[in-house]
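Chain residues, written in single-letter form:
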Number of protein chains: 2
Amino acid sequence: MDSLQLVSSNKIFGGYQKVYAHESSELKCKMNFSIYLPPQADGDNVKLPVIFYLSGLTCTEQNFITKSGFQRYAAQHGIIVVSPDTSPRGVKIPGDDDSWDFGVSAGFYLDAVMDPWSKHYRMGSYVTKELYEIIQSAFSNLVDPTKFGIMGHSMGGHGALVSTLRNPGLFKSVSAFAPICNPSACPWGEKAFTGYLGKDKNQWAEWDATELVKKYDGPPLTLLIDQGAGDKFYKEKQLLPENLVEACRSVGVPVILNLREDYDHSYYYISTYIGEHFDFHAKILKA
Amino acid sequence: MDSLQLVSSNKIFGGYQKVYAHESSELKCKMNFSIYLPPQADGDNVKLPVIFYLSGLTCTEQNFITKSGFQRYAAQHGIIVVSPDTSPRGVKIPGDDDSWDFGVSAGFYLDAVMDPWSKHYRMGSYVTKELYEIIQSAFSNLVDPTKFGIMGHSMGGHGALVSTLRNPGLFKSVSAFAPICNPSACPWGEKAFTGYLGKDKNQWAEWDATELVKKYDGPPLTLLIDQGAGDKFYKEKQLLPENLVEACRSVGVPVILNLREDYDHSYYYISTYIGEHFDFHAKILKA
């Protein structure tokens, strides 16, 4: 814990919602992440499951912890919940704040290869290696190192899916709210992938859930995809869950797609169904 | 509904969280308020109870609807929930944004008598007359006009208590999170009351729950007061719930004070116990 600085701690549903800052070696900058310790973390010799939550475009580590109401369900199931920021912070690369869907707060949970992004924009390795290991070591007295799940929203839903599919077995359970399911085929993804990865579409396929699932060869996995049918970005074909479902079916990977009538892309929608997602993860992680 | 402009509408827990703007005659400016219509509002010939929620210093109509998670409980009980802003907006009185605890977003739910505040700063009448009547008329097809309750947080807890005690029978149920219980005797209240009401402490007593309860002569009422024991402002004696409890006991008004170990003044705290408050109100309003 020496390298973690406590930024805030608030009691909620019997546990504590904390935010820590640390110097990231992958991103070469100071980063915040949040961690919810449920009331069960207060016991002796506990080994609790962990769920990572990855947020969407424009978010920080704050949106999910203040708006989703997840703590009620994490407390009920006894699950630790970790949520990182959405990009490197404070590194000041020219053009990094020109748009809301590229650069700052739009890291896309991948490892960039193009200059000038490749030095800092390594959110893929940050989440699946550095932060994963920090949680295992700094909270080793609380965490079951074999019971990690992951979920996310929009860009973070894409992040949850690719983090799972690229690293078989690392996350035992995965779900997503309104994920960008096929970034190679939508405007958000095309812009981000061109900027971070260049023009080679073979590179893009390595960070695209719809492509990755076709060659998935790890432990059995069920993908839970949640989508608001009234979501503007769904209608604009930024999210394309049907492409992911078709790819899953072509290779026999189980997938559940829940379409929610009239719900939009906001945390109002997420807060309504986050309890169902915790039930889904708890069933797998506590099996 | 002609005079109400819909600002936003988002589906949550099967109902709709809406925000409306309107021209307020009491405040002489344009105001926003939020209203949650639970799924039960979709039925025929429904007459649903209504709870008003009054927010604290620095808030708008947004904080409660994005951070408390109340919609889950309102949907469960079938209750409409209305939340106004915390002061007149856009009226630009000299000094109105010099401090965070007076003027803009600090209307204290009273009717000012001192110049230059008396023209616009009439949040007391705005809540208990104008907005109350707008809800009864604009939503007359959904609302049971005899079943209104009220709750609030901090400055809004003060607002909920004085709105109830000054207007016997107007609100059938009342509760508060970390309310300013005795504003005449704390720094926040002394500053606001001096500015809005002048130096006459007889005027102050007309807007102070601890004073008002001593002469309450209306229908039977139980006050539910919730307080985080780790709340910085509680420790600094801005809130003084013990003074209100003592006053209630001196005149035989039932009061419940729930002290919550280690909880603070934030929405993390409110979100933990808002479900209990909905249970309390529902029991009274649906009796």
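Preceding block: the structure.
These figures come from a predicted structure and were not determined experimentally. (Residues numbered from 1 in each chain as written. Chains lettered and ligands numbered in written order. Predicted model: local features only at pLDDT ≥ 70, side-chain atom pairs only at ≥ 80, totals over all residues. Heavy atoms only, no water.)

### Brief notes about the interface of chain B and chain A
The extent of an interface is frequently quoted as the accessible surface area lost upon association of the parts. Selection rule: The contact criterion used is simple: two residues touch if any of their non-hydrogen atoms lie within 4.5 Å. As used here, buried area is the combined drop in accessible area, with a 1.4 Å probe, of two parts when they are placed together. Take a side-chain nitrogen of Lys or Arg and a carboxyl oxygen of Asp or Glu: if they are within 4 Å of each other, that pair is a salt bridge. Under this definition, polar contacts are N or O atom pairs within 3.5 Å; protein pairs additionally need one hydrogen-donor-capable and one acceptor-capable atom, and for neighbouring residues in sequence, both atoms have to be side-chain atoms. Helix numbering and strand numbering both begin at the N terminus, where a helix is a DSSP run of H or I of at least 4 residues and a strand a DSSP run of E of at least 2. Each residue is assigned to one of three groups, with Ala, Val, Leu, Ile, Met, Phe, Trp, Tyr, Cys and Pro labelled nonpolar, Asp, Glu, Lys and Arg labelled charged, and all others, Gly among them, labelled polar.
With 23 residues of chain B at the interface, the matching set in chain A holds 23 residues. Counting the surface chain B buries against chain A, the share from its top three residues, Lys-11, Phe-13 and Tyr-268 of chain B, is 34%. Linking chain B with chain A are 0 salt bridges, by the criterion used here. One can count 12 residue pairs in polar contact (both at pLDDT 80 or more) joining chain B with chain A. Put simply, the parts of the chain that give the side of chain B that touches chain A at least two residues each are β1 (5-12), β2 (15-24), α1 (62-67), α2 (71-77) and α10 (267-285) of chain B. Residues of the side of chain B that touches chain A, tallied by class, amount to 8 nonpolar, 9 polar and 6 charged.

### Observations regarding the sheet that holds strand β8 (residues 223-228) of chain B
Going by this rule: Note on pairing: two strands pair once DSSP finds at least 2 bridges between them. All axes here are fitted lines through C-alpha atoms, helices being fitted over the stretch that makes contact, and every angle between N-to-C directions spans 0 to 180 degrees.
Taken in spatial order, the 9 strands line up as β1-β2-β3-β5-β4-β6-β7-β8-β9 (chain B) in an open sheet, and their pairing is mixed. The sheet terminates laterally at β1 and β9 (255-260) of chain B, the two strands that pair on one side only. The mean inter-strand angle of the sheet, taken between neighbouring strand axes irrespective of direction, is 20 degrees. Seen against the sheet, helix α10 (residues 267-285) of chain A touches β1 and β2 of chain B and runs at an angle of roughly 25 degrees to β1 of chain B. Packed onto the sheet, helix α3 (residues 123-138) of chain B meets β2, β3 (29-37), β4 (48-54), β5 (80-84) and β6 (143-153) of chain B and runs at close to 55 degrees relative to β3 of chain B.

### Overview of the sheet that holds strand β7 (residues 173-177) of chain A
Residue and element names in this part refer to chain A. Sheet architecture is open: 9 strands sit in the order β1-β2-β3-β5-β4-β6-β7-β8-β9, paired in mixed fashion. Looking at the sheet topology across the chains shown, the edges are occupied by β1 (5-12) and β9 (255-260). When the angles between neighbouring strand axes are averaged without regard to direction, this sheet yields 20 degrees. Where strand β8 (residues 223-228) lies against β9, 6 bridges are found, and the strand directions are parallel.

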